[in-house]
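Fold and geometry: a report
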Amino acid sequence: MGGLSQLSEECRAHLEKALETDDPAEKNYHIRAVMQAGCVDEIPEGYGEH
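Along every chain, residues carry numbers that run from 1 in the direction the sequence is written. In keeping with the predicted nature of the model, local features appear solely for residues at pLDDT of at least 70, side-chain atom pairs appear and are counted solely at 80 or more, and the whole-chain, interface and lining totals rest on all residues. With hydrogens and water stripped out, all remaining heavy atoms of the structure feed into the side-chain values.

**Considerations on helix 2 (residues 24-36)**
Which entries qualify depends on this criterion: The helix and strand labels rest on DSSP assignments: H or I over at least four residues marks a helix, E over at least two residues marks a strand, and numbering proceeds from the N terminus. To estimate how far a helix should extend, the number of its residues minus one is multiplied by 1.5 Å. The buried label goes to any residue with under 20% of its type's maximum accessible area, the exposed label to any with over 50%, and the partly exposed label to all in between, with areas taken from a 1.4 Å probe on protein chains only. Read the arc as the range of directions from the helix axis to the C-beta atoms. What makes two residues a contact is simply this: any of their non-hydrogen atoms within 4.5 Å.
The end-to-end C-alpha separation of helix 2 is 18 Å, in line with the 18 Å expected for 13 residues at 1.5 Å each. Where helix 2 is concerned, the buried positions are H30, A33 and V34. Looking straight down helix 2, one finds its buried side chains confined to an arc of 100 degrees; they lie on one side. Within helix 2, the exposed residues directed more than 90 degrees away from the buried face are P24, A25 and Q36. Taken together, the buried residues of helix 2 touch helix 1 (9-20). Following helix 2 by one or two positions, G38 adopts a phi angle in the positive range, close to 85 degrees.

**What to know about the packing of helix 1 against helix 2**
What counts, and what does not: With axes taken as lines fitted to C-alpha atoms, and helix axes fitted only over the stretch in contact, angles between N-to-C directions fall between 0 and 180 degrees. Roughly parallel refers to an angle under 35 degrees, roughly antiparallel to one over 145, roughly perpendicular to one between 65 and 115, and oblique to any angle outside these ranges. A clockwise turn of the near helix away from the far one marks a right-handed crossing, whereas an anticlockwise turn of less than a right angle marks a left-handed crossing. Residues were grouped as follows: Ala, Val, Leu, Ile, Met, Phe, Trp, Tyr, Cys and Pro as nonpolar; Asp, Glu, Lys and Arg as charged; and all remaining residues, including Gly, as polar.
Between helix 1 and helix 2, the least distance of the axes is 8 Å, while the angle of their chain directions is 160 degrees. By the criterion of interaxial angle, the relationship of helix 1 to helix 2 is roughly antiparallel. Helix 1 and helix 2 meet at a crossing whose hand is left-handed. Touching C11, H14, L15, K17, A18 and L19 of helix 1 are K27, Y29, H30, I31, A33 and V34, all from helix 2. Grouping the constituent residues of the contact of helix 1 with helix 2 by class yields eight nonpolar, two polar and two charged.

Written out as structure tokens, the structure is:
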């Protein structure tokens, strides 16, 4: 991924909402929406592990 400035407005909005919320379910929703939109080339190793 080239950087946040290269993301679509939709992806940027979802990431900003993910950062603003403390609710893990809502945060997960926004992050998954970005991934499903194809804005992420690959998932970082260890993502989602607690």
